[in-house]
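These are the residues of each chain, in order.
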Amino acid sequence: MAKRIDIVDLDIYYSKFLAVEGVNLSVEPRSVTAFIGPSGCGKSTVLRTLNRMHEVIPGAYAKGKVLLDGEDIYASDVDPVNVRRTIGMVFQRPNPFPTMSIYDNVIAGLKLESSRKLKKSDLDDVVEKSLRSANLWEEVKHRLPRPGSGLSGGQQQRLCIARAIAVEPEVLLMDEPCSALDPISTLAIEDLIEQLKDNYTIVIVTHNMQQAGRVSDTTGFFNLAGVGQPGRLVEMGPTDKIFSNPSEKSTEDYVSGRFG
Amino acid sequence: MSTTTPQQAAVTDPDLHSTLTGGKLPRWAPYAAAAAALLLAWLANAFTSVDGVAGTLIVAALLYLVLQTGWSFAVEGRRHAIDRLATTLVYTTFLVALAPLASVLISVVARGITVFNWEFLTSSMRNVSPRSPGGGALHAMIGTIEQVGIATIIAVPIGIMAAIYLVEYGGGPLAKWVSFFVDVMTGVPSIVAGLFVFTGLVLTFGLGRSGFAAAISLVILMIPVIIRTTEEMLKIVPNDLREASYALGVPKWKTILRIVLPTASAGIITGVMLAVARVSGETAPLLLTTFLSQSINWNPITGPQASLPTFVWDQIGSGTDASINRAWAGAMLLILFVVVLYVAAKLVARRFKIDAR
């Protein structure tokens, strides 16, 4: 498990609008990579191209290569559905399926993606394992048949993480997973990211620079070249270096809070 | 720096009255105003040309509005008076909207119940003359159940799938045209649907008048209603859920089938029920496509078939006391039919929801 990602000359469009230009970066396996930058600079857009969720938006497409262990996920014979099975995603707002119980939410991916019938005992194991990995098992083990929407925001987000890892992806993408959560829940998710790093490649978009500093090994700073111009990757490097001694002036201004 | 302790500030000045309290009408004020309005309206009824119960009530309602608002304005001030006026108007319009519904239900039940008995439910009008009492609507009930049933079976899949196309797949010019024609079809008068089936199927293809032809005309009326309501329900399913499903590697068709449709199921079922209720009472297209029958015809493919709306129409047309009573009972049966279907659909919809204790 856990694969590396290399992005080569990626241009991302919304219809005719070039949103992000010329991204080149690498994500090491079993590491946490954070994307930071001001609003609208395209960091979430880049994240969504990594599992081909970008093209779900009508008119949106990307040019360039995204290599998953050397294999281009934008090659013409690649099925985006298979890409998404390999690269899971957690969204900004917790979005458990409202018609399903906690139990069914966790196994939703397994049940919906595969046609084969899974044994009840296997499913029970998957549910327990995934919920334990998401640090949620103790809180919900007595109410698995209840609806997932009855949980608190932080619990719902951990449920969504459990749902994402139940299908055993190689890479986990997180799009501002804590921005709708309180500090306690945020801490729980950050601890979780620290643990998940052992098995997964994690890419996280965050507005919170302290969070990027706390959880990530590598940080990429995105910025707009100017008003009305496409976003681009300004600088990427070890998190310590980006926060203490960045090579670009705009990175330093951003991480020190002088703008953004 | 001078220190002002809270105690000093709290010293009350008898001349300065609080800005937090104001005049307030007693709790019984609305009842008193209502009683006064009724009394005045009754007096007006007794001494002027205002006549009858309805007139008295309307005068009383208007007087109540004036009395209460004026009283409130004098005691409580402008804002409270407007608040009371608006509240009263909202309640009044609600009652006005409810009145015809209650009136229809009460008169249908009151007049229908007289002949609504076991015989009415278990016999047809075969060999019953319009003048004589007795007979029943079994033949019409069978016809309505078959025609509406066939129409539902055909229209629901088409309607729901068309709505799925419009919301989940459409976007190009074809979707715009489909959407446009759905709007046009929503406005098609029911008799036009009947004529279409009559000229198209009954005459041209020689299908003959039958329950099936009637069902097809009902399908034409049902489809736009189902498409519109389903479309609205699918649109309010949050996009987050679709994305969450895609991100798990679930294909689009399965996402629609297992995530989007169940989330919207309650609304879709309500929409289908609205469509069923609408066509259950259609009379004009049935007269053209299956006409009337006084006897039981189980076969929807051949021969005229009765139905509840045409039964009511036929019995009213006969014009005798016995037949008019039967017409009311038929109308009552039709309402019961729709109510039973609605309750059943709600019970089915509940199965899609998970226990939310």
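A quick note: this is a predicted structure, and the numbers were derived from the prediction, not measured.

Cut-offs used in this document
- Residues numbered from 1 in each chain as written.
- Chains lettered and ligands numbered in written order.
- Predicted model: local features only at pLDDT ≥ 70, side-chain atom pairs only at ≥ 80, totals over all residues.
- Helix = DSSP H or I, 4+ residues; strand = E, 2+ residues; numbered from the N terminus.
- Rg over C-alpha atoms; globule rule 2.2 N^0.38 Å.
- Buried ≥ 20, exposed ≤ 12 C-beta atoms within 10 Å, placed from the backbone.
- Contact = placed C-beta atoms within 7 Å.
- Nonpolar A, V, L, I, M, F, W, Y, C, P; charged D, E, K, R; others polar.
- pLDDT = per-residue confidence, 0-100.
- Expected span 1.5 Å × (residues − 1).
- Bend = angle between axes of the 7 residues up to and from the residue.
- Axes fitted to C-alpha atoms, helices over the stretch in contact; angles between N-to-C directions.
- Parallel < 35°, antiparallel > 145°, perpendicular 65-115°, else oblique.
- Left-handed = near helix turned anticlockwise from the far one by under 90°.
- Pairing = 2+ DSSP bridges.
- Core = buried A, V, L, I, M, F, W, Y, C linked by C-beta atoms within 7 Å.

Visitor: Describe the overall build of chain B, with residues and values.
Guide: Of the regular secondary structure elements, chain B holds 14 helices and 0 strands. Counting from the amino terminus, chain B carries its helices and strands in the arrangement α-α-α-α-α-α-α-α-α-α-α-α-α-α. Scaling as 2.2 N^0.38, a compact globule of 357 residues should have a C-alpha radius of gyration of about 21 Å, whereas chain B reaches 30 Å, well beyond that. With the principal axes as the frame, chain B shows a C-alpha extent of 100 × 75 × 40 Å.

Visitor: Lay out the overall build of chain A with the relevant residues and their values.
Guide: Scanning chain A from N- to C-terminus turns up 11 helices and 10 strands. Its C-alpha atoms give chain A a radius of gyration of 18 Å, within 12% of the compact-globule value 18 Å for 260 residues. Per-residue burial for chain A yields a buried fraction of 47% across its 260 residues.

Visitor: Summarise the interface of chain A and chain B; cite the residues concerned and give the values.
Guide: Contact residues are listed per partner, giving 28 residues for chain A and 22 residues for chain B. Where the side of chain A that touches chain B is concerned, the elements lending two or more residues are helix H2 (80-86), strand E6 (87-90) and helix H4 (108-113) of chain A. A breakdown of the residues in the side of chain A that touches chain B according to their chemical character gives 14 nonpolar, 8 polar and 6 charged.

Visitor: How would you summarise the confidence of the model for chain B if you had to cite specific residues and measurements?
Guide: Residue and element names in this part refer to chain B. On average, chain B scores 87 in pLDDT, and the residues at 70 or more come to 92%. Within chain B, the lowest mean pLDDT, 49, falls on helix H1 (residues 6-10), and the highest, 95, falls on helix H6 (residues 138-169). Ignoring residues within four places in sequence, the model shows residues 1-11, a span with pLDDT below 50, making 1 contact including any to other chains. Here the predicted complex carries an ipTM of 0.88, next to a pTM of 0.81.

Visitor: How would you sum up helix H11 (residues 252-280) of chain B? Please name residues and give values.
Guide: The α-helix winds at 3.6 residues per turn, so residues separated by three or four positions along the chain end up facing the same way. In this model, H11(B) (29 residues) spans only 36 Å end to end at C-alpha, well below the 42 Å of a helix rising 1.5 Å per residue. At B:Ser265, H11(B) is bent by approximately 65°, the largest bend along its length.

Visitor: Mind laying out the packing of helix H3 (residues 52-75) of chain B against helix H4 (residues 78-112) of chain B, listing which residues take part and the relevant values?
Guide: Residues and elements named next belong to chain B. Contact pair H3 / H4: the axes reach a minimum separation of 7 Å and the direction vectors enclose 160°. In terms of orientation, H3 lies roughly antiparallel with respect to H4. For the element pair H3 and H4, the recorded crossing hand is right-handed. Mapping the contact onto sequence places Ala 61, Leu 65, Gln 68, Thr 69, Ser 72 and Phe 73 in H3 and Arg 78, His 80, Ala 81, Arg 84, Leu 85, Thr 88 and Thr 92 in H4. Its residues assigned to classes, the contact of H3 with H4 comprises 5 nonpolar, 6 polar and 2 charged.

Visitor: Can you break down the pairing of strand E4 (residues 60-68) of chain A residue by residue, with the values?
Guide: In regular strands, side chains alternate between the two faces of the sheet. Residue and element names in this part refer to chain A. In this structure, strand E1 (residues 5-14) lies alongside E4, joined through 8 bridges in antiparallel fashion. Within E4, the position partnered with Tyr 13 by the bridge is Tyr 61. By the bridge criterion, 2 bridges tie E4 to strand E5 (residues 71-72) in an arrangement that is antiparallel. Across the sheet, the residue bridging to Leu 67 is Asp 72, located in E5. Hairpin connection between E4 and E5: a loop of 2 residues separates the two successive antiparallel strands, and Asp 69 in this loop has a positive phi of roughly 50°.

Visitor: Describe the nonpolar core, listing the residues and the values that go with them.
Guide: Counting 125 residues, the largest nonpolar core has A:Leu172, B:Met222 and B:Ile226 as the members making the most contacts within it. A total of 16 residues in this core trace back to one element, the largest contributor, which is helix H9 (residues 211-235) of chain B. Setting aside its immediate chain neighbours within four residues, B:Met222 contacts B:Ala151, B:Ala155, B:Gly159, B:Ala275 and B:Val279. Among the nonpolar cores identified, the runner-up in size contains 19 residues, and B:Phe120, B:Leu308, B:Phe311 and B:Ala329 belong to it.

Visitor: Break down the pairing of strand E2 (residues 17-27) of chain A for me, with residues and values.
Guide: Of the strand pairs in this sheet, E1(A) and E2(A) are connected by 7 bridges, and their pairing is antiparallel. The residue bridging A:Ile12 from the neighbouring strand is A:Val20, located in E2(A).

Visitor: Please provide a residue-by-residue account of unusual backbone geometry, values included.
Guide: Residues and elements named next belong to chain B. Positive phi values are uncommon outside glycine, yet Asn 127 reaches one of about 60°. By the element assignment, Asn 127 lies in the loop between helix H5 (118-122) and H6. Classification of Asn 127 as exposed rests on a count of 10 C-beta atoms within 10 Å. Positive phi, close to 55°, is recorded for Phe 291, a residue that is not glycine. Examined against the element boundaries, Phe 291 turns out to sit in the loop between helix H12 (284-289) and helix H13 (308-318).

Visitor: Can you break down helix H7 (residues 173-186) of chain B residue by residue, with the values?
Guide: With 14 residues, H7(B) ought to run about 20 Å at 1.5 Å a step, and its terminal C-alpha atoms sit 20 Å apart, in line with that. The buried fraction of H7(B) amounts to 1 of the 14 residues, a small share that puts the element mostly on the outside.

Visitor: So what about the packing of helix H10 (residues 239-247) of chain B against H11(B)? Which residues, and what values?
Guide: Residues and elements named next belong to chain B. Contact geometry of H10 with H11 gives a least axis separation of 10 Å together with a crossing angle of 155°. Taken as axis vectors, H10 and H11 run roughly antiparallel relative to one another. Seen from above, H10 lies across H11 with right-handed handedness. Along the contact surface, H10 presents Leu 241, Arg 242, Ser 245 and Tyr 246, while H11 presents Thr 255, Ile 259, Val 260 and Thr 263.

Visitor: Before we move on, can you summarise the environment of B:Thr122 with the specific residues and values?
Guide: Residues and elements named next belong to chain B. Tracing the sequence through the fold places Thr 122 in helix H5. Using a count of 11 C-beta atoms within 10 Å as the deciding quantity, one classes Thr 122 as exposed. Separated by 17 residues in the primary sequence, Thr 122 and His 139 place their C-alpha atoms 8.8 Å from one another. Once you skip the residues sitting within four places of it in the chain, Thr 122 turns out to touch Gly 136 and Leu 138.

Visitor: Go over the environment of B:Gly22 with me, naming the residues and quoting the values.
Guide: Residue and element names in this part refer to chain B. You can see Gly 22 is positioned in the loop between H1 and helix H2 (29-47). For Gly 22, a count of 12 C-beta atoms within 10 Å gives the class exposed. Along the sequence, Gly 22 and Thr 56 sit 34 residues apart, while their C-alpha atoms lie 35 Å from each other. For Gly 22, the contacting residues outside a window of four places in its chain are Glu 76 and Gly 77.

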